[in-house]
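Here is how the chains run, residue by residue.
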Amino acid sequence: MGQGVLTEAFAHRDGALFCEDVPAETLAIAAGTPTFVYSASVLRDRYRRLSDAIAGCAGRIHYSMKANGNRAVITLLREIGSGVDVVSGGELARALRAGFDGNDIVFGGVGKTAMEMREALHAKVKLINVESEAELSLLNDIARDLGSVAPVGLRVNPEVAVANAHHYIATGERGHKFGIPFAEAGGVARVALAMSNVNLLGLDMHVGSQLATLEPYRDGVVRLSALARELRSAGVAIRYLDVGGGLPVVYDHDDVEPDLVGFGSIMRAAIKDLGLELIVEPGRFFAADSGVLLTRVLYRKESGGRRYVIVDAGMNDLLRPSHYDAFHRIDAVRPSGRRVTADIVGPVCETGDFLALGREVDDVVPGDLMVVHGAGAYGYVMSSNYNARPRAAEVMVDGHRHAVVTLRESHDDLMRLEVEDPNWRDA
Ligand SMILES: Cc1ncc(COP(=O)(O)O)c(C=O)c1O
């Protein structure tokens, strides 16, 4: 297994790891461990790089906040011009609280409830991407009840081959649960046209995450723009082409940098003839390299010939290694230079609770700090209270400044919603 890749913002200086201009040791003292640490400069850099790549395309970047919905993260991205893509009423509420307007928001998701549709309509979101005829029909009913007209995109499954890291994050192949099967999309569009309270404005796809090549994008947008052309000639005013997220990041040396220039050319070609507006929904590409998970070594031990380093971050904090078999580079904050091979595991009562297996790492001792790289996307948002473990703190760093932006949960927080004295009733 490789040793992973360091991002520009998290590097060792004079023997210890810094986040931008702040020593990781300072952050561990300020916030404790485990703590997610985010770099403002990486977020700004990724936004700028993608904006440059799609320069000349009408449309907008809508950061997919499922990757990292931290308020400081989404506020920063809003301030530099990003819209947001949400997939639940909860994400919508968080986006509104962070200052996004309805027009900044695209609402997606395969199982929207009636309540979520109402919330999206109240917020006057820019687009609600629907994934089935049944959902379209419910949305039409709800919009009629509210006396409004829902701005709708059809999420179409373009049914393309998706080469990516893990089959859990491929979403645009034939038979996946997402989107309207390609052959049925034209028919659903005609149904939408006949409805009084939906306004069909867009076509949408999201073919997968951590896409290793551009082919799924190319194949997908070719299919979607052909459909858009067909619908335009049938009188549908398709305005938006939403191509979802999926741009990859380099977790390990085997991973490839996204070809942003190629991505931009594909998108320009797809929207040009029809004069469509492009919507891009990157999540991981913005957030993954912006964040690390800072953790402290609790114990070392050996068992049955294996060496273990037990740290205070577990699968409840960062699920990706056990859920997706994901690789994250792990370093000592203050490396000694001596190397050992060990399993880096957490305190959770599961054999599947690990951050890395059989990994060559620095020969850390209890009390040392370690850092798990590439943890900014699908990290904190997938964390849980399993084993009644309070969720970690989150810290933002910007140059030499740093701030705790989410407090560590307390034991009281864990029990906040419990009903002390349940009110039993007869049926
Ligand atoms: C509809 C949609 N858009 C965007 C994304 C973000 O994907 P990524 O983080 O790979 O960019 C996802 C991820 O699941 C998604 O489902």
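Note that the structure is a prediction, hence the values are computed from the model and not measured.

On a plain count of helices and strands, the protein comes out with 12 helices and 21 strands. At 23 Å, the protein has a C-alpha radius of gyration in line with the 22 Å of a compact globule built from 427 residues. In terms of principal-axis extent, the alpha carbons of the protein reach across some 70 × 65 × 45 Å. Going through the 427 residues of the protein one by one, you find that 50% of them count as buried. Sequence separation of at least 24 residues holds for 71% of the intrachain contacts in the protein that already meet a minimum separation of 6.

This paragraph deals with the domain arrangement of the protein. Quoted interface sizes are often the accessible area lost when the parts come together. Assigned domains within the protein: domain 1 (10–39 + 288–415) and domain 2 (108–282). One C-alpha centre belongs to domain 1, the other to domain 2, and the line joining them spans 35 Å. Contact residues are listed per partner, giving 8 residues for domain 1 and 5 residues for domain 2. Tallied by class, residues from the side of domain 1 that touches domain 2 come to 4 nonpolar, 2 polar and 2 charged.

As a further point, take the nonpolar core. Counting residues in hydrophobic clusters, the biggest one holds 128 residues, and the most contacted among them are Ala 24, Ile 105, Val 152, Leu 154, Leu 241 and Leu 278. Ranked by residue count, the leading element in this core is helix H8 (residues 215–233), at 6 residues. Split by domain, this core shows at least three residues from each of two domains, domain 1 (10–39 + 288–415) and domain 2 (108–282). Discounting residues that sit within four places of it in the chain, Ala 24 has contacts with Ala 16, Leu 17, Phe 18, Cys 19, Leu 294, Val 333, Leu 369 and Val 371.

Spanning 13 residues, helix H9 (residues 260–272) covers 18 Å between terminal C-alpha atoms, matching the ideal 18 Å at 1.5 Å per step. Taken together, the buried positions of H9 are Phe 263, Gly 264, Ile 266, Met 267, Ala 270 and Ile 271. Down the axis of H9, the buried side of the element spans an arc of 165 degrees, and every buried residue falls inside it. Buried residues belonging to H9 abut helix H2 (40–53), H8, strand S12 (240–242) and strand S13 (277–280).

This part is about the environment of Glu 394. Tracing the sequence through the fold places Glu 394 in strand S20 (residues 393–398). As a C-alpha pair, Glu 394 and Gly 337 span 57 residues in sequence and 29 Å in three-dimensional space.

Once that is clear, we can look at the packing of helix H7 (residues 182–194) against H8. Look at H7 against H8: their axes get within 11 Å of each other, and the N-to-C directions meet at 25 degrees. As judged from the angle between their axes, H7 and H8 are roughly parallel. As H7 runs across H8, the sense of the crossing is right-handed. The segment H7 lies against H8, with Phe 182, Ala 185, Gly 186 and Ala 189 engaging Arg 223, Leu 227, Glu 230 and Leu 231. Residue classes in the contact of H7 with H8 are distributed as 5 nonpolar, 1 polar and 2 charged.

In this section: the environment of Gly 186. By secondary structure assignment, the location of Gly 186 is in helix H7. As for Gly 186 and Cys 19, which are separated by 167 residues in sequence, their C-alpha atoms are 50 Å apart. Once you skip the residues sitting within four places of it in the chain, Gly 186 turns out to touch Leu 227 and Glu 230.

On to the environment of Arg 306, then. In this structure, Arg 306 sits in strand S15 (residues 306–311). C-alpha of Arg 306 to C-alpha of Leu 357: the two residues are 51 residues apart in sequence and 9.9 Å apart in space.

With that settled, the discussion passes to the sheet that holds strand S2 (residues 16–19). Backbone hydrogen bonds are what pair the strands of a sheet, in a parallel or an antiparallel way. Strand order across the open sheet formed by 3 strands is S1-S2-S3, with antiparallel pairing between neighbours. Because the sheet does not close on itself, it has two edges, and the strands there are strand S1 (10–13) and strand S3 (22–23). The pairing of S1 with S2 spans 4 bridges and is classified as antiparallel. Residue pairing for S2: Arg 13 is matched across the bridge by Ala 16.

Pairing of S15 with strand S17 (residues 339–345), which is carried by 3 bridges, proceeds in the parallel orientation. The partner of Ile 310 across the bridge, within S17, is Val 345. Note: S17 against strand S18 (residues 354–362), 6 bridges, orientation antiparallel. Pairing of Ile 344 across the sheet is with Ala 356, part of S18.

For the rest of this paragraph, the subject is the packing of H8 against H9. Between H8 and H9, whose axes approach to 10 Å, the crossing angle comes to 10 degrees. Between H8 and H9, the interaxial angle falls into the category roughly parallel. On H9, the residues that touch Tyr 217, Arg 218, Val 221 and Ser 225 of H8 are Phe 263, Ile 266 and Ala 270.

Before going further, it helps to spend a moment on unusual backbone geometry. The step from Thr 33 to Pro 34 runs through a cis peptide bond, and the omega angle for that step is -5 degrees. Within the element layout of this structure, Pro 34 appears in the loop between helix H1 (24–31) and strand S4 (35–39). Even without being a glycine, Ala 388 presents a positive backbone phi close to 50 degrees. Tracing the chain through its elements places Ala 388 in the loop between strand S19 (369–372) and S20.

What counts and how
- Residues numbered from 1 in each chain as written.
- Predicted model: local features only at pLDDT ≥ 70, side-chain atom pairs only at ≥ 80, totals over all residues.
- Helix = DSSP H or I, 4+ residues; strand = E, 2+ residues; numbered from the N terminus.
- Rg over C-alpha atoms; globule rule 2.2 N^0.38 Å.
- Buried ≥ 20, exposed ≤ 12 C-beta atoms within 10 Å, placed from the backbone.
- Contact = placed C-beta atoms within 7 Å.
- Domains from an automatic or database assignment.
- Nonpolar A, V, L, I, M, F, W, Y, C, P; charged D, E, K, R; others polar.
- Core = buried A, V, L, I, M, F, W, Y, C linked by C-beta atoms within 7 Å.
- Expected span 1.5 Å × (residues − 1).
- Arc of directions from axis to C-beta.
- Axes fitted to C-alpha atoms, helices over the stretch in contact; angles between N-to-C directions.
- Parallel < 35°, antiparallel > 145°, perpendicular 65-115°, else oblique.
- Left-handed = near helix turned anticlockwise from the far one by under 90°.
- Pairing = 2+ DSSP bridges.

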